[in-house]
Amino acid sequence: MDKRIKSYTKKNGTKSWMFKTYLGIDPVTGKKRATTKRGFSSKGEAEIALIRCLNDVNTNGFNHNKINSYYELYTLWLETYENSVKPSTLLKTQRLFKNHILPAFGNMKLTDITIVYCQQVLNDWVKKLVRAKTVMNYTGLPLKYAVKMDLLSKNPAQFVTMPAKNAHPNDKPDNYYDKNELAVFFRALNSGTNEQAKVFFRLLAYSGLRRGEALALTWDDVSFTRSTIEINKTLSRDSSGVVIQTPKTTNGYRTLVLDSETMLILKKWQVQQLERQLFFGFNIKGKPKQLLFANTRNNSFISTDKPRVWLQQVYKHHSTLKHITVHGFRHTHASLYLESGASIKDLQMRLGHSDIRTTMDVYAHVAKYTKKASMDKFAKYLDI
């Protein structure tokens, strides 16, 4: 007896037949494929349909040519994409499509997505989004996949004219503090009572850590004898919530030397945190895996959005301060590190960039100052 074929009873009480069978691995998605068909009036009819189904797959393979809409294409592309990226990256990508790309393209037939339409959408995004160029690049990923799968002859998103620079009014090219601005910010921050926030932003500004790297730090990552911190993990989010991940590249693993004042602040915070967590019922003494930054609800990770809240509270009480983002403190560190005389190569290693071109592209705004300073030092050295 073929176990793939079964009888079942419909809601109206009549008997019908169905089959469920494994079809094999789809070479496009790399995933197992199975199918279920119902509603056959007899066992023989179900057997014939099963044979035809298997023969069709064996002869023609898995038919992806039935994909008509961008949403159907996106769903197929996502099955392949999710196997190539980390869960946190997948979550960010899905949000990008959900919030921006699918509303504009989801219901479109693939044959109706033209270069002109893509350009019109991009022009509209430029007026609204800071990262319009990035969003259009993501739009083109499923379309590029469709060309590869012979579903389209060309990728229309590839031929749009990208803006040289976004015209969004809220775009902030100077998302960093200079030396004087940073001093003003810390005076404002230190006038408050949030000790954890004081330590957090001091660490970001003097280390160049990413937010997730700082939030994942445990005390065994800190060496007070060598004045260093070890970066070997990062806090991120996926569809299930907060997760700890390893760095994206080997360059992400690094040991950073910190200044003596920052190390002293960390040492004081270690004592303050011990008293603080004990007050809320957590005895963390002698626990090397204790987080540097922890909540008081269950002594676990604080929300990745919490530093932004801390920053907004500072700006709320000090309205004259220049506003930057949490990530802006990484830019601040990089800018001031270069201005102090460090090389681009030193900065690349400190920031954990795998490609020095990334460092040079992001911090090109500092180069004009460091080049002038270097030339002045060179001329002074020659003194001819």
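The rules behind the values
- Residues numbered from 1 in each chain as written.
- Predicted model: local features only at pLDDT ≥ 70, side-chain atom pairs only at ≥ 80, totals over all residues.
- Heavy atoms only, no water.
- Buried < 20%, exposed > 50% of the residue type's maximum accessible area, 1.4 Å probe, protein only.
- Helix = DSSP H or I, 4+ residues; strand = E, 2+ residues; numbered from the N terminus.
- Arc of directions from axis to C-beta.
- Salt bridge = Lys/Arg side-chain N within 4 Å of Asp/Glu carboxyl O.
- pLDDT = per-residue confidence, 0-100.
- Contact = heavy atoms within 4.5 Å.
- Expected span 1.5 Å × (residues − 1).
- Pairing = 2+ DSSP bridges.
- Axes fitted to C-alpha atoms, helices over the stretch in contact; angles between N-to-C directions.
- Phe/Tyr/Trp six-rings, centres within 6.5 Å; stacked < 30°, edge-to-face > 60°.
- Lys NZ or Arg CZ within 6 Å of the ring centre and 35° of its normal.

Concerning helix 12 (residues 344-351)
Working step 1: Taken as a whole, helix 12 has its buried residues at Leu347, Gln348, Arg350 and Leu351. In a view along the axis of helix 12, the buried residues occupy a sector of 165°, so they form one face of it.
Working step 2: The positive-phi residue at the C-terminal boundary of helix 12 is glycine 352, with phi of around 80°.

Section: unusual backbone geometry
Working step 1: The phi dihedral of serine 227 is positive, around 55°, even though this residue is not glycine.
Working step 2: In this structure, serine 227 sits in the loop between strand 4 (222-223) and strand 5 (228-231).

Considering the pattern of salt bridges
Working step 1: Tallied over the full model, the rule gives ten salt bridges.
Working step 2: Between arginine 254 and glutamate 213 there is a salt bridge whose closest N-O contact spans 2.9 Å. You can see arginine 254 sitting in strand 8 (residues 254-257) and its partner glutamate 213 sitting in helix 8 (residues 211-215), a full 41 residues away along the chain. We note that arginine 254, like glutamate 213, is buried.
Working step 3: Via salt bridges that share partners, Arg210, Glu213 and Arg254 belong to a single interconnected network.

Some remarks on the confidence of the model for the protein chain
Working step 1: Looking at the protein chain as a whole, the pLDDT averages 87, with 89% of positions reaching at least 70.
Working step 2: With pLDDT under 50 throughout, residues 166-172 is counted as low confidence; its partners more than four residues away or in other chains account for 16 contacts.

A closer look at the environment of glutamate 47
Working step 1: If you trace the backbone, glutamate 47 turns up in helix 1 (residues 43-60).
Working step 2: For glutamate 47, a relative accessible area of 34% gives the class partly exposed.
Working step 3: Put simply, glutamate 47 and isoleucine 5 are 42 residues apart on the chain and 7.3 Å apart in space, counted from C-alpha to C-alpha.

Details of helix 7 (residues 195-207)
Working step 1: Compared with an ideal rise of 1.5 Å per residue, which puts 13 residues at 18 Å, helix 7 spans 18 Å between its outermost C-alpha atoms and is within 8% of the ideal.
Working step 2: Listed in full, the buried residues belonging to helix 7 are Gln196, Ala197, Lys198, Val199, Phe200, Phe201, Arg202, Leu203, Leu204, Ala205 and Ser207.
Working step 3: Immediately downstream of helix 7, the backbone of glycine 208 shows phi near 80°, a positive value.

Some points on the pairing of strand 6 (residues 234-238)
Working step 1: Where burial is concerned, most of strand 6 is hidden: four out of the five residues are buried.
Working step 2: Both strand 6 and strand 7 (residues 241-245) contribute to a ladder of five bridges, which runs antiparallel. Opposite threonine 234, over in strand 7, you have glutamine 245 as the bridge partner.

Looking at the sheet that holds strand 3 (residues 32-40)
Working step 1: One open sheet holds the three strands; their spatial order is 1-2-3, and the pairing between them is antiparallel. Either end of the sheet is taken by a strand with one partner, and the two such strands are strand 1 (5-9) and strand 3. Averaged over neighbouring strand pairs, the angle between their axes works out to 25° when direction is ignored.
Working step 2: Across five bridges, the pairing between strand 1 and strand 2 (residues 15-25) is antiparallel. Within strand 2, the position partnered with serine 7 by the bridge is tryptophan 17.

Concerning the sheet that holds strand 4
Working step 1: Ordered by their spatial adjacency, three strands build an open sheet running 4-5-8, and the pairing between neighbours is antiparallel. Both outer strands of the open sheet, strand 4 and strand 8, are each paired with one neighbouring strand and no more.
Working step 2: Sheet topology note: the strand 4/strand 5 ladder contains two bridges and is antiparallel. Across the sheet, the residue bridging to valine 222 is isoleucine 229, located in strand 5.

With respect to the packing of aromatic side chains
Working step 1: Scanning the model with the defined rule gives 20 aromatic pairs in all.
Working step 2: Consider the rings of phenylalanine 19 and phenylalanine 40, whose centres lie 5.8 Å apart with planes at 15°: the pair is stacked. Linking phenylalanine 19 in strand 2 with phenylalanine 40 in strand 3, this pair joins segments that are 21 residues apart in sequence.
Working step 3: By relative accessible area, which is 1% here, phenylalanine 19 ends up buried.
Working step 4: Between phenylalanine 105 and tryptophan 125, the ring centres sit 6.2 Å apart and the planes meet at 55°, which makes this aromatic pair tilted. Note that phenylalanine 105 is positioned in helix 3 (residues 87-105) and tryptophan 125 in helix 4 (residues 115-128), a separation of 20 residues in sequence. Accessibility assignment for this pair places phenylalanine 105 and tryptophan 125 in one class, buried.
Working step 5: One aromatic cluster is present, formed by Tyr177, Phe185, Phe186, Phe200, Phe201, Phe293, Trp310 and Phe329 through successive ring pairs.
Working step 6: A cation over an aromatic ring shows up here: lysine 154 above the ring of phenylalanine 159, its NZ or CZ 5.9 Å from the ring centre.
Working step 7: Over the ring of tyrosine 206 we find arginine 202, and its NZ or CZ is 3.6 Å from the ring centre.

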